[in-house]
Amino acid sequence: SGSLRDTLTLLDQAIIFCGGAISTHGVTDMLGLLDPRRIDEILSTAQKGSREELCALIKSLEDSDAEMIINELIASLKERFLEPRHEFSLLIFERFFKILSEAKNMLGGGADPAFVLYIALFSMRNAFDIGAANFCAPAAQSRIPSQQQVQSALVSPSPTQSRIPSNTQPISAA
């Protein structure tokens, strides 16, 4: 019955806050949350927007709590992941989750919230660059072997690899 009372209290507050016409926008404002359309806008801009559009979007979010934005992005992505048809690949979901988890860690360490938001959303934008293997720096990427190099190494061992004789017996514990 306590939960029902809390729900009715929130409903009364929403009616007063929204002037009698309850709306998603009004309730999210009342609770200090982002409107779900803003979450959609953030994800869409990260995916398809220009650098300038992403900067403008982040500027418009400066009055919002960065941790709340990150938490809402995570909740929205989880919801989208569980839907039968995804708008993102598994790789993109994984990259987004890693980016947002790291952003939460940075905020927990006392980093500047606005800058963390910039880093997180620009990293999400870069997550669509499938060629950026594990977000490696360009110098590190040059050391990543190509698919052809990996396959040729699997097919023929290098001369420095020692071959185990076929008559070798496994070592048993005594």
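In case you missed it, the structure is sitting above this.
Each chain has its residues counted from 1, following the order in which its sequence is written. Local features are withheld for residues below a pLDDT of 70 in this predicted model, meaning they are given only at 70 or higher, and side-chain atom pairs are given and counted only at 80 or more; totals for whole chains, interfaces and linings count all residues. Side-chain numbers come from the whole structure's heavy atoms, not from hydrogens or water.

A. Quick peek at the overall build of the protein. In terms of regular secondary structure, the protein is built from nine helices and zero strands. Counting from the N terminus, the helices are the DSSP runs of H or I reaching at least four residues and the strands are the DSSP runs of E reaching at least two. Reading the protein from its N terminus to its C terminus gives the helix and strand order α-α-α-α-α-α-α-α-α. The buried share of the protein, reckoned over its 174 residues, is 24%. By sequence separation, contacts in the protein at least 24 residues apart represent 58% of the contacts at least 6 residues apart. Where accessible areas are quoted, they stem from the Shrake-Rupley method and a 1.4 Å probe; at the residue level, only the protein chains shown are allowed to cover. Taken as a whole, the protein presents about 12,300 Å² of accessible surface, with 56% of it coming from carbon and sulfur. A 1.4 Å probe rolled over the protein chains alone gives each residue an accessible area, and that area as a share of the maximum for its type sets the label: buried under 20%, exposed over 50%, partly exposed in between. Contacts are residue-level and defined by heavy atoms, with any inter-residue pair within 4.5 Å sufficient.

B. How the structure looks around the packing of helix α4 (residues 51-60) against helix α7 (residues 113-126). With their axes 11 Å apart at the nearest point, α4 and α7 run at an angle of 145° to one another. Considering how the two elements wind past one another, α4 and α7 form a crossing that is right-handed. Of α7, the residues touching α4 (which contributes R51, L54, C55, I58 and K59) are L117, Y118, L121, F122 and R125. The nonpolar class holds Ala, Val, Leu, Ile, Met, Phe, Trp, Tyr, Cys and Pro. Asp, Glu, Lys and Arg form the charged class, and all remaining residues, Gly among them, are polar. Residues that form the contact of α4 with α7 fall into these classes: seven nonpolar, no polar and three charged. To obtain an axis, a line is fitted to C-alpha atoms, over the contacting stretch when the element is a helix, and the angle between two such axes runs from 0 to 180 degrees between their N-to-C directions. The crossing is said to be left-handed when, going from far helix to near helix, the turn is anticlockwise and less than a right angle, and right-handed when the turn is clockwise.

C. Seen up close, the side chain of E72. Within the secondary structure, E72 is located in helix α5 (residues 66-82). The charge count includes Lys and Arg as positive and Asp and Glu as negative, but it does not include His or the ends of the chains. We define a salt bridge as a side-chain nitrogen of Lys or Arg found within 4 Å of a carboxyl oxygen belonging to Asp or Glu. Buried charged residue E72 carries no salt bridge. Nearest counter-charge: R38, at 9.6 Å. Apart from the residues lying within four places of it in its own chain, the contact partners of E72 are L33, L34 and I39.

D. Quick peek at the packing of aromatic side chains. Ring pairs shown here join Phe, Tyr and Trp side chains whose ring centres sit within 6.5 Å, with only the six-membered ring taken for Trp; geometry is labelled stacked below 30 degrees between planes, edge-to-face above 60, and tilted in between. Counting across every chain of the model gives five aromatic pairs. Look at F88 and F96: their rings are 5.5 Å apart centre to centre, the planes differ by 70°, and that puts the pair in the edge-to-face class. The buried category is assigned to F88, whose relative accessible area is 4%. For F96, a relative accessible area of 0% corresponds to the buried category.

E. View of the packing of α5 against helix α6 (residues 90-108). Packing of α5 against α6 brings their axes to within 10 Å, and their N-to-C directions diverge by 155°. If you check the angle between α5 and α6, you find them roughly antiparallel. In terms of crossing hand, the pair formed by α5 and α6 is left-handed. Across from A66, E67, I70, N71, L73, I74, L77, R80 and F81 in α5, the residues of α6 making contact are L90, F93, F96, F97, L100, A103, K104 and L107. In terms of residue class, the contact of α5 with α6 is built from 13 nonpolar, one polar and three charged. Orientation categories follow fixed angle ranges, with anything under 35 degrees roughly parallel, anything over 145 roughly antiparallel, 65 to 115 roughly perpendicular, and all other angles oblique.

F. Representation of a nonpolar patch on the surface within the structure. Residues qualify for a patch when their relative accessible area is over 30% and they have no salt bridge, like charges being joined within 9 Å and the nonpolar side chains of Val, Leu, Ile, Met, Phe, Trp and Tyr within 5 Å. Side chains of L4, L8, L11, I15 and I22 sit close together on the surface and give an oily, nonpolar patch of about 440 Å² of accessible area. Its place among the elements puts L11 in helix α1 (residues 2-17). With a relative accessible area of 41%, L11 lands in the partly exposed category.

G. Looking closely at α6. Between its first and last C-alpha, α6 extends 27 Å over 19 residues, near the 27 Å set by a 1.5 Å rise per residue. Along α6, the positions that sit buried rather than exposed are I92, F93, R95, F96, I99, L100, A103 and L107. Down the axis of α6, the smallest arc covering the buried residues is 165°, so these residues share one side. Those residues of α6 that are exposed and aimed more than 90 degrees away from the buried face are L90, F97, N105 and G108. Where α6 is buried, its residues contact α3 (36-48), α5 and α7. Just downstream of α6 lies G110, where phi reads positive at about 90°. A helix is expected to reach a length of 1.5 Å times the quantity of its residues less one. Directions pointing from the helix axis toward each C-beta atom define the arc.

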